[in-house]
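# Survey of secondary and tertiary structure
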Amino acid sequence: MIRVLIADDELYFRNYMLTAVDWHSLGFQVCCLAQNGEEVLSELSKNTINIVFLDINMPKVNGLDALEICRQKAPETQWCILTGYAEF
């Protein structure tokens, strides 16, 4: 089973991601949710995560800073960047 972390500061979007995809039928398990970059760092230190769906604009530690830190600590983790920005 592929272990997934969903990180977004918007509760509505985190809940949407949980219900919009039939994770289990695709071989995924959403094992963690995070509402800011600090929580992403914490979850990655406590859990084995295979893929992170990561918002860019989050409080405390933004998504890009969290990504930079986490890639050093967990280089095998894959990342999917999410944003509502028109330009990136």
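### Side note on the pattern of salt bridges
Counting across every chain of the model gives one salt bridge. Notably, a salt bridge pairs Lys 60 with Glu 38, separated by 4.0 Å at the nearest N-O pair. Remark: Glu 38 occurs in helix H2 (residues 37–46) and Lys 60 occurs in the loop between strand S3 (51–55) and helix H3 (63–73); sequence separation between them is 22 residues. Residue classification places Glu 38 among the partly exposed residues on the basis of a relative accessible area of 42%.

### Regarding the environment of Leu 11
Considering the arrangement of structural elements, one finds Leu 11 in helix H1 (residues 11–20). Overall, Leu 11 belongs to the exposed group, its relative accessible area being 52%. For the pair formed by Leu 11 and Glu 68, sequence separation is 57 residues and the distance between their alpha carbons is 24 Å.

Rules and cut-offs
Residues numbered from 1 in each chain as written. Predicted model: local features only at pLDDT ≥ 70, side-chain atom pairs only at ≥ 80, totals over all residues. Heavy atoms only, no water. Salt bridge = Lys/Arg side-chain N within 4 Å of Asp/Glu carboxyl O. Helix = DSSP H or I, 4+ residues; strand = E, 2+ residues; numbered from the N terminus. Buried < 20%, exposed > 50% of the residue type's maximum accessible area, 1.4 Å probe, protein only.

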